[in-house]
Amino acid sequence: MICVKELVKDFGGRVAVNGVSFELSKGDVLGFLGPNGAGKTTTMRMIVGFLPPTSGTAVVCGHNIVQDPIQARKRIGYMPENAPLYGDMTVQTFLQFVAEIRRFIGKERDEKVDATIKKCFLQDVRHQTIETLSKGYRQRTCFAQTMIHNPPVLILDEPTDGLDPNQKQLVRNMIQEMAADKAIILSTHILEEAEAICTRAIIISNGKVVTDSTPAELKKQAPSYNALTLKIVASAEEAKNTFEQLGDVDSVDVLDSSTDHVSLRLFPKNGQPLATTALEEAHSHNWLVKEMQSESGRLEEVFQHLTVTENVSEKVK
């Protein structure tokens, strides 16, 4: 449904996007991740036809965004950053205006508006002017205009930016409900959001894609993946030395110790699970295991490693 090939955007000598390529199918929710200035928003603006690419192509549902822009845009719902809206309009009149731009008139327009207001939980503010709305309602109103024509492709730039936890969850739920029959690109700085609702994640740094995988697979690249935290009744020095000798253990950190217990974190070699090995070793020394927890890896560790490494390599060049 989306095919992006070697997109480049050069702003007079400053290359903001440098050869970005990916494909997206129906049912995919792509988390587009990267630090500020990485090229996320510029890439999304090229895909929707807001900015012309310096080179490369973006094809939406078979329509090239440069060669056939009207047909491509008909199939896109775009939510820009900062929710641009007309503050003096009410929610209903704004959505009617957007529906008319999309060529819906009369009864069909009103049905589209009513259905969208219901789907985005805007019933209580439909007759309220947009300038008087809270940020959460403004975000939802902007989200409503992206989907009023039921497009097969949604491109959302920071859709939950500045929302409180309840509002964020509401927007996430709406995205998940629509995901089955659409292709969605979601730009976000909130890594837990990408983990919660995205089926894929692309990390972009300095205008280049540095990784394209699922959130679960990305977490396996984290140093903390399958790290094991133990609280045992033993001496800190003896326990640390013992666990460091295990073949599957790469390193051991002492987190806390007292006269009657020690808390340790064991880091595995090659991401191997350590729970069974550590329990067997503890039992062989007659150490009482009071607590044990295996970590699943943290996406922020991978994000930081990939983006910092890319930034350093660019500076070296």
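Calculation notes
Residues numbered from 1 in each chain as written. Predicted model: local features only at pLDDT ≥ 70, side-chain atom pairs only at ≥ 80, totals over all residues. Heavy atoms only, no water. Salt bridge = Lys/Arg side-chain N within 4 Å of Asp/Glu carboxyl O. Helix = DSSP H or I, 4+ residues; strand = E, 2+ residues; numbered from the N terminus. Buried < 20%, exposed > 50% of the residue type's maximum accessible area, 1.4 Å probe, protein only. Pairing = 2+ DSSP bridges. Phe/Tyr/Trp six-rings, centres within 6.5 Å; stacked < 30°, edge-to-face > 60°. Expected span 1.5 Å × (residues − 1). 1 Å grid on protein atoms, 1.4 Å probe; cavity = no way out; pocket = protein on both sides within 12 Å on 5 of 7 lines; lining within 4 Å. Points joined across faces, edges and corners; volume = space filled by probe spheres on them. Nonpolar A, V, L, I, M, F, W, Y, C, P; charged D, E, K, R; others polar. Axes fitted to C-alpha atoms, helices over the stretch in contact; angles between N-to-C directions. Contact = heavy atoms within 4.5 Å.

The next point concerns the pattern of salt bridges. Evaluation of the coordinates by the stated rule reveals 14 salt bridges. Arginine 172 is the salt-bridge partner of glutamate 193, the closest N and O atoms lying 3.2 Å from each other. A residue pair is termed long-range when its members are at least 10 positions apart, and glutamate 193 in helix α7 (residues 191–197) and arginine 172 in helix α6 (residues 165–178) qualify at 21 residues. There is no split in this pair, since glutamate 193 and arginine 172 are both buried.

Of the two faces of strand β6 (residues 76–79), the one carrying Ile76 and Tyr78 and the one carrying Gly77 and Met79 are both buried. Examined bridge by bridge, β6 and strand β7 (residues 153–157) share 4 bridges and lie parallel to one another. Its bridge partner being in β7, tyrosine 78 is matched across the sheet by isoleucine 155.

Okay, the packing of aromatic side chains next. For the structure shown, the criterion picks out 4 aromatic pairs. Each residue in the set Tyr86, Phe94 and Phe97 is aromatic and connected to the rest through ring pairs, giving one cluster.

So, about helix α5 (residues 135–147). Since the α-helix advances by 3.6 residues per turn, residues separated by three or four positions end up pointing in the same direction. Given a rise of 1.5 Å per residue, 13 residues ought to cover 18 Å, and the 19 Å separating the end C-alpha atoms of α5 matches this to within 8%. Of the positions making up α5, those classed as buried are Gly136, Gln139, Arg140, Thr141, Cys142, Phe143, Ala144, Gln145, Thr146 and Met147.

If you add up the space inside the largest pocket, you get close to 800 Å³. Elements supplying a minimum of two residues to the lining of the largest pocket: α2 (69–74), β6, α3 (91–101) and α5. Per element, the largest residue contribution to the lining of the largest pocket is 4 residues, and it comes from α3. Grouping the amino acids of the lining of the largest pocket by side-chain chemistry returns 15 nonpolar, 3 polar and 4 charged. Computed from the structure, the second largest pocket encloses a volume of approximately 210 Å³. Forming the walls of the second largest pocket are 15 residues, and the residues nearest its centre are Gly37, Ala38, Gly39, Lys40 and Thr41. The set of elements that each furnish at least two residues to the lining of the second largest pocket consists of β2 (14–24) and α1 (40–47).

Next up on the list: the sheet that holds strand β11 (residues 228–233). Ordered in space as β12-β13-β11-β14, the 4 strands form an open sheet in which the pairing is antiparallel. Since the sheet does not close on itself, it has two edges, and those belong to β12 (249–257) and β14 (288–294), each with one partner. Averaged over all adjacent pairs, the angle separating strand axes in this sheet is 20°, with direction ignored. Two strands pair when backbone bridges link them, and β11 and β14 are joined in this way by 6 bridges, in the antiparallel orientation. Note on β14: the bridge partner recorded for lysine 231 is glutamate 291. The strands touched by helix α10 (residues 275–284) within the sheet are β11, β13 (262–268) and β14, with β14 carrying the most contacts at an inclination of about 170°.

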